[in-house]
Amino acid sequence: MMQILKKTEGLEKISDFIRNNDGFTLICHVAPDGDTLGSALALYGMMKMHGKRVQIVCQDRVPQNLLFLPWSHEVLCPDKAVCEDNVIAVDCADIGRLGKAVRLFDAAKNTVSIDHHGTNGMYAMLNEVHPHCAATAEIVYELVRIFAGNISADVATCLYVGLMTDTGSFAFGNTTADTFAVASALVRSGANPCTSNTLVYRTVPLSRQNCLQRLFRAWIYMTAEG
Ligand SMILES: [Mn+2]
């Protein structure tokens, strides 16, 4: 895997923290998006593969268009989660973004925050904040490189979706050469740009399909009557 970030001391510390502990809670922010879910699910998959006891928690439900992400059905709501000693907040600029999951954060012995918002309140014990990164997924890519040295196709897919959604498909002003370097590495590891794009942006959820179908039938019925 290719190194992207220049300053990695903080991530080496977090890598050691994961290696030397067990019992983790990963927290996504309220109203979850592709970056908080993709980044946390990537860490979840990586940690599971290395035999760690880990849970992933979010106050709100996973949006339908992100339910194709590996492990997304394992995301717990805060009242179904147990208090663990180690908490990692992912893509959360301030403590309010944790929502009801703050209970798990407050009960932890060790807290870590991994984020790319310039406004990050540095509320954890270890704060790894890179405002020049387009997405938290960029930072997590580097953490996966340091911790595992390799990346599975499932983990790559999670991170690719984080990168794609936070950059508006690589179109926003936050998109840098580093963003493309990470995207390139992720595609090389098995992420599929076309499938990811189709599933996130072009798929009509079943609930909406049913609704459209009902509207269409009603319209036919009304016009047939006249
Ligand atoms: Mn983000």
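Residues numbered from 1 in each chain as written. Predicted model: local features only at pLDDT ≥ 70, side-chain atom pairs only at ≥ 80, totals over all residues.

A. Layout of helix α5 (residues 153-166). The end-to-end C-alpha distance of α5 is 20 Å, a good match for the 20 Å that 14 residues give at a rise of 1.5 Å each. Within α5, twelve of the 14 residues are buried, leaving the element largely enclosed by the surrounding structure. For α5, the secondary structure elements touched by its buried residues are α2 (34-49), α4 (136-147), α6 (177-188) and α7 (193-202). (Helix = DSSP H or I, 4+ residues; strand = E, 2+ residues; numbered from the N terminus. Expected span 1.5 Å × (residues − 1). Buried ≥ 20, exposed ≤ 12 C-beta atoms within 10 Å, placed from the backbone. Contact = placed C-beta atoms within 7 Å.)

B. View of the environment of Glu74. Considering the arrangement of structural elements, one finds Glu74 in the loop between β2 (54-57) and β3 (86-90). Take Glu74: there are 14 C-beta atoms within 10 Å of it, and that puts it in the partly exposed class. C-alpha of Glu74 to C-alpha of Ser152: the two residues are 78 residues apart in sequence and 18 Å apart in space.

C. Just the pairing of strand β4 (residues 110-115), in detail. Judged by how many residues are buried, β4 sits mostly within the fold: five of six residues are covered. Pairing analysis gives five bridges linking β3 to β4, with the strands arranged parallel. Residue pairing for β4: Asn86 is matched across the bridge by Asn110. Pairing of β4 with strand β5 (residues 126-129), which is carried by four bridges, proceeds in the parallel orientation. Bridge pairing in β5 links Val112 to Leu126. (Pairing = 2+ DSSP bridges.)

D. Expanded view of the environment of Gly23. Structurally, Gly23 can be placed in the loop between α1 (9-20) and β1 (24-28). The class of Gly23 is partly exposed, set by 16 C-beta atoms lying within 10 Å. Counting along the chain gives 201 residues from Gly23 to Ala224, while the straight-line C-alpha distance between them is 62 Å.

E. Just the nonpolar core, in detail. Counting residues in hydrophobic clusters, the biggest one holds 58 residues, and the most contacted among them are Leu26, Ile27, Leu43, Val90, Val140 and Leu159. Setting aside anything within four residues of it in sequence, one finds Leu43 in contact with Leu26, Ile88, Val90 and Val140. (Core = buried A, V, L, I, M, F, W, Y, C linked by C-beta atoms within 7 Å.)

F. Geometry of the sheet that holds β4. Pairing in this open sheet of five strands is parallel, and the strands run β2-β1-β3-β4-β5 from one edge to the other. Bordering the open sheet on either side are β2 and β5, each of which pairs with just one other strand. Looking at each pair of strands side by side, their axes are set apart by 15° on average, direction ignored. Relative to β2, β1 is paired through four bridges, and the arrangement is parallel. (Axes fitted to C-alpha atoms, helices over the stretch in contact; angles between N-to-C directions.)

G. Structural detail: unusual backbone geometry. Not every positive phi belongs to a glycine, and Ala31 is a case in point at roughly 50°. The phi dihedral of Ser169 is positive, around 55°, even though this residue is not glycine. Within the secondary structure, Ser169 is located in the loop between α5 and α6. Ser169 gets classed as partly exposed once you count the C-beta atoms within 10 Å, which come to 14.

H. Quick look at the packing of α4 against α5. Axis separation between α4 and α5 bottoms out at 8 Å; the angle between their running directions is 150°. Accordingly, the angle class assigned to the pair α4 and α5 is roughly antiparallel. Residues Thr136, Ala137, Glu138, Val140, Tyr141 and Val144 of α4 touch α5, and the partners they reach there are Val155, Leu159, Gly162 and Leu163. For the contact of α4 with α5, the per-class residue count stands at seven nonpolar, two polar and one charged. (Parallel < 35°, antiparallel > 145°, perpendicular 65-115°, else oblique. Nonpolar A, V, L, I, M, F, W, Y, C, P; charged D, E, K, R; others polar.)

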